[in-house]
Amino acid sequence: MGTNPNPKLVAILGAGAWGTALGNLAQTNGHQVRIWSRQGSQTLASVIEGADIILSAISMKGVSSVAEQVKSLPVSPKSIFVTATKGLDPQTTCLPSQVWQITFPDSPVVVLSGPNLSKEIQKSLPAATAVASSIPSAAEFVQVVFSSHLFRVYTNPDPLGVELGGTLKNVIAIAAGVCDGLQLGTNAKAALVTRGLTEMVRIGVQWGAKMETFYGLSGLGDLLATCNSALSRNYQVGYQLGSGKTLTEILANLEGTAEGINTTQVLVQRAKQQYISMPITEQVYRVLQGEITPEQALSELMLRDMKPEYH
Ligand SMILES: NC(=O)c1ccc[n+]([C@@H]2O[C@H](COP(=O)([O-])OP(=O)(O)OC[C@H]3O[C@@H](n4cnc5c(N)ncnc54)[C@H](OP(=O)(O)O)[C@@H]3O)[C@@H](O)[C@H]2O)c1
Ligand SMILES: O=P(O)(O)OC[C@H](O)CO
C-alpha cells in the first residue's frame, strides 16, 4: 500500500472478480478498503460505516436486495455510491444506478464503466475507465480515489450513456463469441461489431443517452475489449454456443457472471415495446433460448431486407 496524505474509506460490496480488482486499485492508492461479501464474516453495517465511497460490484441479480439491505442500515451522509455493475434489472428494466438512486434519492450516485477485464487489471496491466454522475464533483472524487499510473480514470457528463454502453455491449460480445466459435473470419466479426454498435447507439439514444458517449471508453472501448477477449465471460458464452455447446452446458462450467444473457432478454422486450430494430440482439436472444442454431442466426442476419447503412 502506498502512503496517501488524504486516505479515504472505500467500502466494496461484492467480493467477486470485479469488486476484488477495484478494491486492490483503491488500496494500492493508499486508501482504506473494506470488502463485503454475503459469504464473509464482516457485517454489511461494519463495512459501510463511515465510508466515503460505497461501491457496488454485485452482479445484477443481487443489486436490488443488497441496496435494500444497505437502506436498512445507517449510511454516512458523506457517502458517495458507485456502481460498477453492467446489467439491467429483469423486473423493472432499471439500470443498476437507477436502483441505487431510487433507494438513496438524496445521495450522489456515480457510474464506473469502461474496458476493464478484471483479470488484466489484477495482473497490473494498464487500463482506462469512465466515471459519470449527475453530480460532477462526486465523479471527480471517485476519479481521484481510483486514478493511478496503471488505471486512468476519465470523468464523463453522461451517466446514462456510460452505464448503457457497459450493459449493451455484453449482448454484442455474445454475438462476437458466436461469430468466432463458428470461425466466420475477421471481415464478418468487424461487420458484426460495427453493426452491433449501431444497435447500441439506436436504443441508447432513444433511452435518453448522448450518442457520442457510445464512441468513448464505456461504449466502443468496452465493446472492443469484450468482443476480442477470451477473458470476457459474455464472449465465452457466445464462443461456446458457436462451437456447438448448449447454454446449460456452458453455464455449468462458467466462472463468474455473464450479464449479457439476462440483458438480452430485457432488451428484446424493450426494443419490441418501443418498435426499435435490433436484429443482432434478437438473433442472440433466439440462440440463447435454443430456438435456432447459430448457423440459422447467421443466415437470418445475412438475408434480411436490403437497406442503406445509415437509416
Ligand atoms: N469481471 C470483470 O471483468 C468485470 C469488469 C467490469 C464490470 N463487471 C461487472 O461487475 C459485476 C460483477 O462482476 P464479477 O465479474 O465480479 O462477477 P462475480 O465474480 O460473479 O461476482 C459477483 C458478486 O456479486 C455477488 N452477489 C450476487 N448476487 C448477490 C446477492 N443476492 N447478494 C449479495 N451478493 C450477491 C456475488 O456474491 P457470491 O460470491 O456470494 O455469489 C459476488 O460477490 C457484473 O455486473 C459485471 O458485468 C465485471
Ligand atoms: O467478462 P465480461 O464479459 O463480463 O466482461 C467484463 C467487463 O465488462 C469488460 O469490460
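Keep in mind the model is a prediction, meaning the values are calculated, not measured.

Novice: Tell me about the environment of T293, and name the residues and values.
Specialist: In this structure, T293 sits in the loop between α13 (279-288) and α14 (294-302). Residue T293 is classed as partly exposed on the basis of its relative accessible area of 35%. As for T293 and G242, which are separated by 51 residues in sequence, their C-alpha atoms are 8.4 Å apart.

Novice: Which residues make up the side chain of E259, and what values do they have?
Specialist: Within the secondary structure layout, E259 lies in the loop between α11 (247-253) and α12 (260-273). What E259 contacts, discounting residues up to four positions off in sequence, is S59, M60, T85, K86, N170 and N234.

Novice: Kindly report on the site of ligand 1, identifying the contributing residues and their values.
Specialist: Near ligand 1 you find 24 residues, and of these R38, Q39, S118, T257 and E259 are the closest. Interatomic distance of 3.0 Å between a backbone N/O atom of A17 and an oxygen atom of ligand 1. At 2.8 Å from an oxygen atom of ligand 1 is found a main-chain nitrogen or oxygen belonging to S118. Compared with its free state, where it exposes 890 Å², ligand 1 has 85% of that area covered by protein. In this structure the site holding ligand 1 corresponds to the largest pocket. Elements represented by at least two residues in the shell around ligand 1 include exactly α1 (17-28) and α3 (60-71). Sort the elements by how many residues they give to the shell around ligand 1 and α3 lands first, with three residues.

Novice: Quick rundown of the sheet that holds strand β4 (residues 80-83)? Include the residues and the values.
Specialist: Sheet strands pair by backbone hydrogen bonding; their relative direction is either parallel or antiparallel. The strand order across the open sheet formed by seven strands is β2-β1-β3-β4-β5-β6-β7, and the pairing between neighbours is mixed. In this open sheet, the two edge strands, each paired with only one partner strand, are β2 (32-36) and β7 (151-156). This sheet shows a mean twist of 25° between the axes of neighbouring strands, independent of strand direction. Bridge analysis of strand β1 (residues 9-13) against strand β3 (residues 53-56) gives four bridges, and the strand direction is parallel. The residue of β3 that forms the bridge with V10 is I53. Sheet contacts for helix α7 (residues 159-181): β4, β5 (109-113), β6 (127-133) and β7; angle to β5, the most-contacted strand, approximately 40°.

Novice: Could you give an account of α7, with specific residues and numbers?
Specialist: Spanning 23 residues, α7 covers 34 Å between terminal C-alpha atoms, matching the ideal 33 Å at 1.5 Å per step. N170 marks where α7 bends most, by close to 30°. Within α7, 21 of the 23 residues are buried, leaving the element largely enclosed by the surrounding structure.

Novice: Break down the pairing of β2 for me, citing the residues and quoting the values.
Specialist: Where β1 lies against β2, five bridges are found, and the strand directions are parallel. The partner of L13 across the bridge, within β2, is W36. Crossover β1 to β2 through α1 is right-handed.

Novice: Got a sec to walk through the site of ligand 2? Specific residues and values, please.
Specialist: Close to ligand 2 lie K86, G114, P115, N116, L117, K169, D222, T226, L231, S232, R233 and N234. The separation between an oxygen atom of ligand 2 and a polar main-chain atom of G114 is 3.1 Å. Computed on the free molecule, ligand 2 has an accessible area of 310 Å², of which 92% lies beneath the protein chains in the complex. For ligand 2, the cavity whose grid points lie within 2 Å of the majority of its atoms is the largest pocket.

Novice: Which residues make up the UniProt feature "binding site: sn-glycerol 3-phosphate" (unreviewed entry) in the chain, and what values do they have?
Specialist: Taking the UniProt record as the reference, the feature "binding site: sn-glycerol 3-phosphate" (unreviewed entry) is found at K86, G114, K169, D222, S232, R233 and N234. Set against the largest cavity, the annotated residues that line it come down to K86. Along the chain, K86 turns up in the loop between β4 and α4 (96-103). Overall, K86 belongs to the buried group, its relative accessible area being 16%. Contacts of K86, omitting those with residues within four sequence positions, involve S113, G114, G166, T167, K169, N170, D222 and E259. Among the polar contacts made by the side chain of K86, one reaches the main-chain carbonyl oxygen of G114 at a distance of 3.0 Å. For G114, a relative accessible area of 0% puts it in the buried group. Once residues lying within four places of it in the same chain are set aside, the contact partners of G114 are K86, A128, T129, L217, S218 and D222.

Quick notes on the rules
Residues numbered from 1 in each chain as written. Chains lettered and ligands numbered in written order. Predicted model: local features only at pLDDT ≥ 70, side-chain atom pairs only at ≥ 80, totals over all residues. Heavy atoms only, no water. Helix = DSSP H or I, 4+ residues; strand = E, 2+ residues; numbered from the N terminus. Buried < 20%, exposed > 50% of the residue type's maximum accessible area, 1.4 Å probe, protein only. Contact = heavy atoms within 4.5 Å. Near = heavy atom within 4 Å. Polar contact = N/O pair within 3.5 Å; in protein donor to acceptor, adjacent residues only side chain to side chain. Areas by Shrake-Rupley, 256 points an atom, 1.4 Å probe, with all protein chains shown as cover. 1 Å grid on protein atoms, 1.4 Å probe; cavity = no way out; pocket = protein on both sides within 12 Å on 5 of 7 lines; lining within 4 Å. Sits in = over half its atoms within 2 Å of the grid points. Pairing = 2+ DSSP bridges. Axes fitted to C-alpha atoms, helices over the stretch in contact; angles between N-to-C directions. Expected span 1.5 Å × (residues − 1). Bend = angle between axes of the 7 residues up to and from the residue. Right-handed = clockwise from strand over helix to strand, strands pointing away. UniProt positions renumbered as here; feature names shortened; annotations may be inferred.

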